[in-house]
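# Working through the structure, step by step
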Amino acid sequence: MHQNSNKKVIYLKPKKKSFFLKIRFILILFFIGILIFVAHHFLHIKTYVVSKGTIDEGFFSDAVIIKNEKVVLSPTNGKLELLVDSGERVRVGTPVFRVTADARKKEIYLQEITEIEDKIKSLKDGEDTSSISLNLINKSIEDITQKLKDATDIGDSDKVKLLEDELTRLTKEKQEKIDSNEANINVLQEQLEQLKNMLNESDTVVYAPIAGIVSLNIDGFEDLLVADTLKELTYSQLQAVSDDSSNRDLSAIIKTNQAVIKIIDNFSWYLALKLEYQMEEGRSYYIKLLDDADGSEKIKAKLINISEDGSTGFFLVNTGLDSLLDSRKIKVFVVTGTYTGNIIPSTGLFFNEGREGVYIIEQGKKHFKPIEIIARNGNDIIIDGLKPGDKILLKK
């Protein structure tokens, strides 16, 4: 007897759930990958928003500084003593340095002068032995005068006669002492003047021949770079100029005709440089001095002369030279034109099928747009064809 013969048997189909889960997981990873790619692409795109701006167009150059300067030489051998500091402004006739021919003799003169001045002071103040004697005579005269008065009052004629004779003798002695002191002082005064003259002769003081600023940096180009003959300078001579702006140490002992200092007119100087563009003689240009603290200082300079071959220009500058007092060469940017307009960085410029233009971004998409370049310098471009607020693509 089969008891389970009537039971229904149910066959279960294999489950497909795990297969669909795998498919869905792969799809999710795929879409995440696309999102990451798109996000990475857009997050790393460099863009720039067009704005108004101004740029200077021109060229860079190494310029040589030519100054109105006067080298001051030593008139004799001897020991040097500077009377002014580097960078100090002086007038014509200002003592600038002293040369002592014999330093040992000068020390002796100074010592003797001090001794004589002390003697004269002692004589005048009554501190020497002769002055002490004079004080004793004065005291004696006072005593005799009083005794003479007393003898006169009592009518002692014999004593009066003796006292009068003594008073006469003391008065004569006093006058002799006074005359001797005055004579001694006069002799000492004469000796003092002679020593001072000898001291002055041992020193030679040199005075500023022109007004200007003192510099101790004698670089050897003072005879070549002369403002009065700058038109005769050649480009090869200018190339040979080196720059050494460090002040040299002056020896304590100098020789005749040795250069000691120079005096510079810092209100009128020149820049000589190679011309990269055709420029107009007699016209004023702005020049940026690139060696200053931030490279933004701009000075006005007049192109006063162009060399015969047109390669070198000489510019007159009438502004202070203080910061470049000891310099000979400086990097400059000569401004040939200033332009204002819509500005973009040079990294925003692309070439497409031989045309210059930019990739402008609109509604998340980019498309190439040709532009016209109005002016450019090393980093920026003034363009026509865009408007402020346009967003453009930049090169990475």
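Overview of the structure. The structure presented is a predicted model; accordingly, all values stated were derived computationally and were not measured.

### Thoughts on the packing of aromatic side chains
The final tally for this structure, using the stated rule, is 5 aromatic pairs. Here F59 and Y277 contribute two aromatic rings whose centre-to-centre distance is 5.7 Å and whose plane-to-plane angle is 45°, an arrangement assigned as tilted. Linking F59 in strand 2 (residues 51-73) with Y277 in the loop between strand 9 (259-274) and strand 10 (284-289), this pair joins segments that are 218 residues apart in sequence. Judged by its relative accessible area of 47%, Y277 falls in the partly exposed class. Between Y359 and F368 the ring centres are 5.3 Å apart and the planes differ by 65°, which places this aromatic pair in the edge-to-face class. Each member of the pair, Y359 as well as F368, carries the same accessibility label: buried. Here a set of aromatic residues connected by ring pairs shows up, and it is made of F350, Y359 and F368. One residue, K298, lies across the ring of Y286, its end atom 5.7 Å from the ring centre. One residue, K366, lies across the ring of Y359, its end atom 5.1 Å from the ring centre.

### Considering the pattern of salt bridges
Counting across every chain of the model gives 11 salt bridges. Among the salt bridges present, the one from D56 reaches K298, with a minimum N-O distance of 3.3 Å. Placement of the pair is D56 in strand 2 and K298 in strand 11 (residues 298-306), with a sequence separation of 242 residues. Look at K298 and you get partly exposed, because its relative accessible area is 39%. The salt bridge partner of K262 is E222, with a shortest N-O separation of 2.8 Å. Remark: E222 occurs in the loop between strand 7 (212-215) and helix 5 (235-239) and K262 occurs in strand 9; sequence separation between them is 40 residues. Classification of E222 as buried rests on a relative accessible area of 9%.

### Remarks on a nonpolar patch on the surface
A cluster of nonpolar residues, I23, L27, F30 and F31, forms a patch on the protein surface that exposes about 410 Å² of accessible area. One can find F30 in helix 1 (residues 17-43).

### Examining the side chain of N342
With respect to the helices, strands and loops of the structure, N342 is situated in strand 13 (residues 329-345). Within the local environment of N342, its side chain forms a polar contact with the backbone oxygen of L386, the two atoms lying 2.8 Å apart. Residues in contact with N342, not counting those within four places in the same chain, are V50, S51, K52, I381, I382, I383, L386, K387 and P388.

### Observations concerning unusual backbone geometry
Residue E353 is not a glycine yet carries a positive backbone phi of 55°. Despite not being glycine, Q363 shows a phi value in the positive range, around 55°. Its location among the elements puts Q363 in the loop between strand 15 (355-362) and strand 16 (365-370).

### Some words on the pairing of strand 10
Covered by surrounding structure in strand 10 are Y285, I287 and L289 only, the residues S284, Y286 and K288 on the alternate face being uncovered. With 4 bridges joining them, strand 10 and strand 13 adopt antiparallel strand pairing. What sits directly across from K288, in strand 13, is F333.

### A few points about the side chain of S307
Following the sequence through the fold, S307 ends up in the loop between strand 11 and strand 12 (312-317). Here the side chain of S307 touches S311 through a polar contact of 3.3 Å, landing on its backbone nitrogen.

### Comments concerning the environment of F314
Tracing the backbone shows F314 in strand 12. Residues F314 and A63, spaced 251 residues apart in sequence, show a C-alpha to C-alpha distance of 9.6 Å.

### What about the pairing of strand 12?
When you tally the buried positions in strand 12, you get 5 out of 6 residues, the bulk of the element. Here 6 bridges tie strand 9 to strand 12, and the two strands are oriented antiparallel to one another. From the neighbouring strand, K274 faces strand 12, where its bridge partner is T312. Pairing of strand 11 with strand 12 involves 5 bridges; the strand directions are antiparallel. Bridging across to strand 12, K302 finds its partner in L316. Linkage of strand 11 to strand 12, two consecutive antiparallel strands, is achieved through a turn of 5 residues, within which G310 is found at a positive phi near 75°.

Cut-offs and rules
- Residue numbers here run from 1 along each chain, matching the order of that chain's written sequence.
- Restriction of local features to residues with pLDDT of at least 70 applies here, the model being predicted, together with a cutoff of 80 or more for giving and counting side-chain atom pairs; totals for whole chains, interfaces and linings are based on all residues.
- As a rule here, side-chain values come from all non-hydrogen atoms in the structure, and water together with hydrogens is ignored.
- Any two rings among Phe, Tyr and Trp, with Trp reduced to its six-membered ring, count as a pair given centres within 6.5 Å; such a pair is stacked if its planes are under 30 degrees apart, edge-to-face if over 60, and tilted if neither.
- Secondary structure elements follow DSSP: runs of H or I of four or more residues count as helices, runs of E of two or more count as strands, with numbering from the N terminus.
- Remark: exposure states derive from per-residue accessible area (1.4 Å probe, protein chains only) relative to the maximum for the residue type, with buried under 20%, exposed over 50%, and partly exposed in between.
- Whether a charge lies above a ring is judged from NZ of Lys or CZ of Arg, which has to be within 6 Å of the ring centre and within 35 degrees of the ring normal.
- Each salt bridge in this description consists of a side-chain nitrogen of Lys or Arg and a carboxyl oxygen of Asp or Glu lying within 4 Å of one another.
- Each patch is built from residues lacking any salt bridge and having more than 30% relative accessible area; the joining distance is 9 Å for like charges and 5 Å for nonpolar side chains (Val, Leu, Ile, Met, Phe, Trp, Tyr).
- Reported accessibility uses the Shrake-Rupley method at a 1.4 Å probe radius. Residues are deemed covered only where the shown protein chains occlude them.
- Side-chain atoms alone can form a polar contact between residues adjacent in sequence; in general such a contact is a pair of N or O atoms within 3.5 Å, and within protein one must be able to donate a hydrogen while the other accepts it.
- Working rule for contacts: check all heavy atoms of both residues, and any pair within 4.5 Å makes them a contact.
- Strands are labelled as partners when DSSP assigns at least two bridges between them.

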